[in-house]
Amino acid sequence: MENQKTFLVIALAVVIFLLFQAWQEQNVPKSVPPAPSTVSKAVTPSTAPVVSSPPSTTAAPVAQAIAPVKGPTIPFETRVFTGQISLHGGDIQNLGLRDYPSATNNPKPYPILDTTPAKLTIQQSGFIGSDGQLLIPQFVEETPHSSSAGSFVLKGKAGPLTVSKTWTFQPDSYLAEEHIQITNTGTQAWNGSYFDQILRNDRAESHMFMSIFTGAVLMHSGNFSEVSFSDMRDHPRLEAGPGWAGMMDHYFLAAILPPEQAHVQVYARPSGSNYVAGVNTPLPTLAPGQSARITQQVFLGPKQQSRLAALGRGLEQTVDYGWFAIIAEPMHLVLKWFHSLVGNWGLAIIFLVIVIKAIFFYPSAISYRSMANMRKLQPKLEKLKKECGDDRQKLGAAMMDLYRTEKVNPMAGCLPILLQMPFFIALYWVLVESVSLRQAPFILWIHNLAVPDPYFILPLLMGISMFFQQRLNPAPVDPMQKKIMSALPVIFAVFFSFFPAGLVLYWLTNNVVSIGQQYLITRHIMAAKD
């Protein structure tokens, strides 16, 4: 039957679409603009002592590969962080996010910065002279603090530079403020830049058919771009102008944020066997005794779209809802609202599906009426099949005459179904991208809606629901098509066993609600007299 073919084509189209997105994300090369060769304006130091010499207008050299170095550290904690500050470079390392456990069976804070080789992600900073000399400050803590302190002042030396570095943490913020003041205590003028970067290995997350980007992110003069590890290896990026840079994975972001209008260099490139994304701030030439100051922020936290948007730097673009973001974003807000009411993300998904089904109640009713009318014609169609035998052309013409006589349009349900497809795909990306659903439990055996059902119960129930839904549809006339349709519940149950439990819950709920609506409409039409 035509409606059966329509459902089959649409279902396969959705699967092909998701697979194509995954392939495209990993295999289609991105266009890479040419790297600029000069920086037209240097960052003006803030309220530090005035520098009389003009800023350098040549491109500051970007640091080459810097190997991770272990050394003494200062531990610290806030309400959201637990980590250390290294006295080698004065950088944050081994930073855990206290509100995000590493796993459902491991309550240890998720390590967004980690010095272990398997999960290597670290911050690195220092100075580069105009001659290419790399200067990494070696610090001591100026005033000892407790581990819960909100501010740390470090003093140290980097070649001819005396460096003071202050880290400031707010209790509930994922932003860390970085203040650096340098003084040229040498006997000759010094010119160079300050770099701050995130170094990461190229580990990737496996999510079966879901394309989850992992790599560098750059904001350059208002233009956001993602740079994969392979792109960094083949086409290193270097851009001059206002912007920021960082590394991200599925749910978390580590980004260096200079002042919004600062004229800096943002880059993403290989660093030995690893990769870095960072910001290079050109500094003015410092005569002996002169000073300069750099102030910037580092974001280290979850990709919560509302929190990122509030920062006003375009960080929310790291949450990628795909082609249907205009639908996905309000759906995410509705999902969060339901969660605020019921306190369970699984129930919030169920209520969201009910809302979507209510919006499409009448378009869906058109589709179900069409199927019910087609089912009512089933005996006449079977009779035509016997009369026409193997003459498919004759059978097709006879079926079209029957449709016209009975005033039935077999394609009447196609448009409403197609209209709902963007909503399904949008919700798919909401469930995949939302950090709120990371490790979110539902009921009983479902302890994490963002990973597949460990016992495959939800996929099995979804397959059963598809079987019952097919029982309400007219049986296909063609034997081969009938076999294919009969196998679909099994195929989809197996296919969805690899998808997040939240997405399977969505499809299962959608099927159950559809079965109820379709059953009522079918019973009404089948009971009606000709």
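The structure presented is a predicted model; accordingly, all values stated were derived computationally and were not measured.

Novice: I tried to follow the pattern of salt bridges on my own but got confused; where do I start?
Specialist: One side chain can pair with another of opposite charge once the charged atoms of both are near each other. Evaluated as defined, the whole model comprises 7 salt bridges. In this structure, R79 engages D172 in a salt bridge whose closest nitrogen and oxygen atoms are separated by 2.5 Å. Linking R79 in the loop between β1 (73-77) and β2 (81-86) with D172 in the loop between β9 (161-169) and β10 (175-184), this pair joins segments that are 93 residues apart in sequence. Of the residues examined, D172 reaches a relative accessible area of 46% and is grouped as partly exposed. Salt-bridge contacts for E239 lead to R237; the nearest nitrogen and oxygen are separated by 3.3 Å. Both residues of the pair, E239 and R237, count as buried. One salt-bridge network, in which partners are shared between bridges, spans R79, D99 and D172.

Novice: Got a minute to help me understand the sheet that holds strand β14 (residues 237-241) in this structure?
Specialist: Sheet strands line up and pair through hydrogen bonds in the backbone, either parallel or antiparallel. Here 6 strands make up an open sheet; going across it, the order is β6-β5-β11-β18-β17-β14 and the pairing antiparallel. The open sheet terminates on both sides in strands that have one partner only, identified here as β6 (134-135) and β14. Alignment of strand β11 (residues 192-200) against strand β18 (residues 274-282), held across 8 bridges, turns out to be antiparallel. Residue pairing across strands places R200 opposite Y275, the latter belonging to β18.

Novice: I tried to follow the packing of aromatic side chains on my own but got confused; where do I start?
Specialist: Geometrically, a pair of aromatic rings is defined through the distance of the ring centres and the angle of the planes. Within this structure, the stated rule accounts for 23 aromatic pairs. Between F76 and F152, the aromatic rings sit 6.0 Å apart at their centres with planes inclined by 65 degrees, giving edge-to-face as the arrangement. Within this pair, whereas F76 is found in strand β1, its partner F152 is found in strand β8 (residues 151-158), the two being separated by 76 residues in sequence. Considering the side-chain rings of F81 and Y174, the 5.8 Å spacing of their centres and the 75 degrees angle between planes classify their relative orientation as edge-to-face. With F81 in strand β2 and Y174 in the loop between β9 and β10, this pair connects stretches of sequence that are 93 residues apart. Assessed through its relative accessible area of 1%, F81 is described here as buried. Overall, Y174 belongs to the buried group, its relative accessible area being 4%. By the ring-pair criterion, three or more aromatic residues cluster together here, those being F76, F81, F152, W167, F169, Y174 and F299.

Novice: So what exactly am I meant to see when it comes to the side chain of S465 here?
Specialist: With respect to the helices and strands, S465 occurs in helix α10 (residues 457-471). Residue class for S465 comes out buried when judged on its relative accessible area of 6%. Discounting chain neighbours no more than four positions away, the residues touching S465 are L508, N511 and I515.

Novice: What's the story with unusual backbone geometry in this structure? I'm lost.
Specialist: Peptide bonds are trans in most cases, and residues, glycine excluded, mostly fall at negative phi. Here S221, not a glycine, exhibits a phi torsion of approximately 50 degrees, which is positive. Mapping S221 onto the fold places it in the loop between β12 (215-220) and β13 (223-228). At Q439, a residue that is not glycine, the phi angle is positive and equals roughly 60 degrees. Within the secondary structure, Q439 sits in the loop between α9 (414-433) and α10. You can call Q439 buried: its relative accessible area is 16%.

Novice: Explanation requested: the sheet that holds β1 in the structure shown.
Specialist: Across the sheet, 4 strands lie side by side as β1-β2-β3-β4; this open sheet has antiparallel pairing. Only two strands of the sheet have a single neighbouring strand rather than two, namely β1 and β4 (106-111). Going across the sheet, the axis of each strand differs from the next one's by a mean of 25 degrees, ignoring polarity. When β1 meets β2, the two strands line up antiparallel, connected through 5 bridges. Opposite I74, over in β2, you have I85 as the bridge partner.

Novice: Help me understand empty space enclosed by the protein in this model?
Specialist: Over the atoms rolls a probe the size of a water molecule, and in doing so it shows where empty space is left. Taken as a whole and judged by the stated rule, the model has 3 cavities of 30 Å³ or more. By volume, the second largest cavity amounts to about 80 Å³. Surrounding the second largest cavity, Y110, P111, I112, T121, R200, R203, M247, M248, D249, F252, L253 and A254 form its lining. If you list the elements that add at least two residues to the lining of the second largest cavity, you get β4, β15 (243-248) and β16 (252-257). The dominant element in the lining of the second largest cavity, judged by the number of residues it contributes, is β16, at 3 residues.

Novice: Help me out: how do you make sense of the nonpolar core in this one?
Specialist: Where a protein is soluble and globular, its nonpolar side chains tend to be buried together. By size, the foremost hydrophobic cluster in this structure holds 114 residues, and its most contacted members are F127, I182 and L449. The biggest single contributor to this core is α9, with 9 residues. Setting aside chain neighbours within four positions, we find I182 in contact with F127, L161, T162, V163, W190, L283, L286, Q290, S291 and A292. Core analysis: the second largest hydrophobic core is formed by 8 residues, I122, I128, F195 and V276 among them.

Novice: Would you explain the environment of L431 in this entry?
Specialist: In this structure, L431 sits in helix α9. The exposure class assigned to L431 is buried, which follows from its relative accessible area of 3%. Spatially, the C-alpha atoms of L431 and L503 are 6.6 Å apart, while their sequence positions differ by 72 residues. Leave out the neighbours within four places in its chain, and L431 touches L335, I349, L437, G502, L503 and Y506.

Novice: So what exactly am I meant to see when it comes to the confidence of the model for the chain here?
Specialist: If pLDDT is low for a region, its predicted coordinates should not be looked at in detail. The pLDDT averaged across the chain works out to 79; a share of 75% of its residues lies at or above 70. Put simply, helix α1 (residues 2-27) is where the chain has its lowest mean pLDDT, 47, and β16 is where it has its highest, 96. This stretch, residues 1-9, has a pLDDT under 50; its non-local contacts, to residues over four places away or in other chains, come to 31 contacts. The model gives residues 19-60 a pLDDT under 50, and that stretch makes 80 contacts with residues more than four places away or in other chains.

What counts, and at which threshold
- Residues numbered from 1 in each chain as written.
- Predicted model: local features only at pLDDT ≥ 70, side-chain atom pairs only at ≥ 80, totals over all residues.
- Heavy atoms only, no water.
- Salt bridge = Lys/Arg side-chain N within 4 Å of Asp/Glu carboxyl O.
- Helix = DSSP H or I, 4+ residues; strand = E, 2+ residues; numbered from the N terminus.
- Buried < 20%, exposed > 50% of the residue type's maximum accessible area, 1.4 Å probe, protein only.
- Pairing = 2+ DSSP bridges.
- Phe/Tyr/Trp six-rings, centres within 6.5 Å; stacked < 30°, edge-to-face > 60°.
- Contact = heavy atoms within 4.5 Å.
- Axes fitted to C-alpha atoms, helices over the stretch in contact; angles between N-to-C directions.
- 1 Å grid on protein atoms, 1.4 Å probe; cavity = no way out; pocket = protein on both sides within 12 Å on 5 of 7 lines; lining within 4 Å.
- Points joined across faces, edges and corners; volume = space filled by probe spheres on them.
- Core = buried A, V, L, I, M, F, W, Y, C linked by side-chain atoms within 4.5 Å.
- pLDDT = per-residue confidence, 0-100.

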